[in-house]
Structure formats: structure tokens, C-alpha cells
Amino acid sequence: MAEILIVDDSRTSRKILREILVDAGYTIAGEALDGEEGYLKYKELKPDLVTLDITMPKLDGIEALQLIKKFDENARVVMITAAGQKEKMIQAIKHGAAEFISKPYEADDVKEVIAKVLNS
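Computed from a predicted structure; not experimentally measured.

Thoughts on the sheet that holds strand β3 (residues 49–53)
What the 5 strands build is an open sheet, ordered β2-β1-β3-β4-β5; its pairing is parallel. Either end of the sheet is taken by a strand with one partner, and the two such strands are β2 (27–32) and β5 (99–102). Neighbour-to-neighbour, the strand axes of the sheet open up by a mean angle of 20 degrees, direction not taken into account. Strand direction decides the pairing type here: β3 and strand β4 (residues 77–81), joined by 4 bridges, are parallel. The residue of β4 that forms the bridge with L52 is M79. Set on the sheet, helix α1 (residues 11–23) makes contact with β1 (3–7), β2, β3 and β4; between it and β2 the angle comes to about 170 degrees. Its contacts with the sheet place helix α3 (residues 61–71) against β3 and β4, and it is angled at close to 155 degrees to β3.

Encoded structure:
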């Protein structure tokens, strides 16, 4: 099964997302607390997919997305968004994000989006 890197500064968000993904049969390659750590872990672990929260310290999700795509243009990145981040979502698409998942998480939506991106 696919290996996924979770990048989010919220421990609660990481925990919920991890539980949903493990329940769906995915392996969690690792977790990161901010965009900078997420980028470094992506380079180290080379996961099949990365989930990136948009709002994080050090590097936000958009900046981390740009670095990851520069390192690996084929990287599959799913952005995690909160309500009211339409402008950031548009930026993320321009920089190569494959898809979006909105908070609060709906388990079926998460599983559907992740499967769609991995199978594309």
C-alpha cells in the first residue's frame, strides 16, 4: 500500500488524518510539524503522496509545495485547507497541487481524494 507523509502543525489534525489513512490501509511514512520539516522529510522518505496543511509556521503549505515540486516534479501533493482559503487554493493549483481536503475531515472524502490522486 502507498506511503504517505502528513505535514501539519496541529497534532490533533495529524492524529485524525493518520487514523483515517491507516484505517484505509495506507502506511504513514512520517509526519512533520511545519513546511520546512515537511520538505526535508519528503526528500528523505520519498513517499508516494504528501498531505500539506496550508497554514503552518516557518514555511507555509504553498512554499513547501513549491520546494517539493522543484525537487520532484512528479510529487503527488494533497493540500489541507480550512474554510475561507480560496485564494491560497488557487495558488496551490498553480504550483502543482493535485487535490484538496477540507477541515474538518470527513473520513470518506479523505479516502476518496487520496485514492483518486494515487490512481491518477
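Brief notes about a negative patch on the surface
A surface patch of negative charge is lined by E106, D108, D109 and E112. Relative to the assigned elements, D108 resides in helix α5 (residues 107–118). Relative accessible area serves as the criterion here: at 61%, D108 is assigned to the exposed category.

Quick notes on the packing of aromatic side chains
Summed over the entire model, instances satisfying the criterion amount to 1 aromatic pair. Ring centres 6.2 Å apart and planes at 85 degrees place the aromatic pair Y42 and F71 in the edge-to-face group. One end of the pair, Y42, is in helix α2 (residues 35–45); the other, F71, is in helix α3, with 29 residues separating them in the sequence.

So, unusual backbone geometry
The omega torsion across K103 and P104 is -5 degrees, close enough to zero to call that bond cis. Its identity is not glycine, yet K46 carries a phi of approximately 45 degrees, on the positive side. On the secondary structure map, K46 appears in the loop between α2 and β3. Phi at K58 is positive, roughly 65 degrees, even though this residue is not glycine.

Cut-offs used in this document
Residues numbered from 1 in each chain as written. Predicted model: local features only at pLDDT ≥ 70, side-chain atom pairs only at ≥ 80, totals over all residues. Heavy atoms only, no water. Pairing = 2+ DSSP bridges. Helix = DSSP H or I, 4+ residues; strand = E, 2+ residues; numbered from the N terminus. Axes fitted to C-alpha atoms, helices over the stretch in contact; angles between N-to-C directions. Contact = heavy atoms within 4.5 Å. Patch = residues over 30% accessible without salt bridge, like charges linked within 9 Å, V, L, I, M, F, W, Y side chains within 5 Å. Areas by Shrake-Rupley, 256 points an atom, 1.4 Å probe, with all protein chains shown as cover. Salt bridge = Lys/Arg side-chain N within 4 Å of Asp/Glu carboxyl O. Lys, Arg positive; Asp, Glu negative; His and termini not counted. Charge placed at Lys NZ, Arg CZ, Asp CG, Glu CD. Buried < 20%, exposed > 50% of the residue type's maximum accessible area, 1.4 Å probe, protein only. Phe/Tyr/Trp six-rings, centres within 6.5 Å; stacked < 30°, edge-to-face > 60°.

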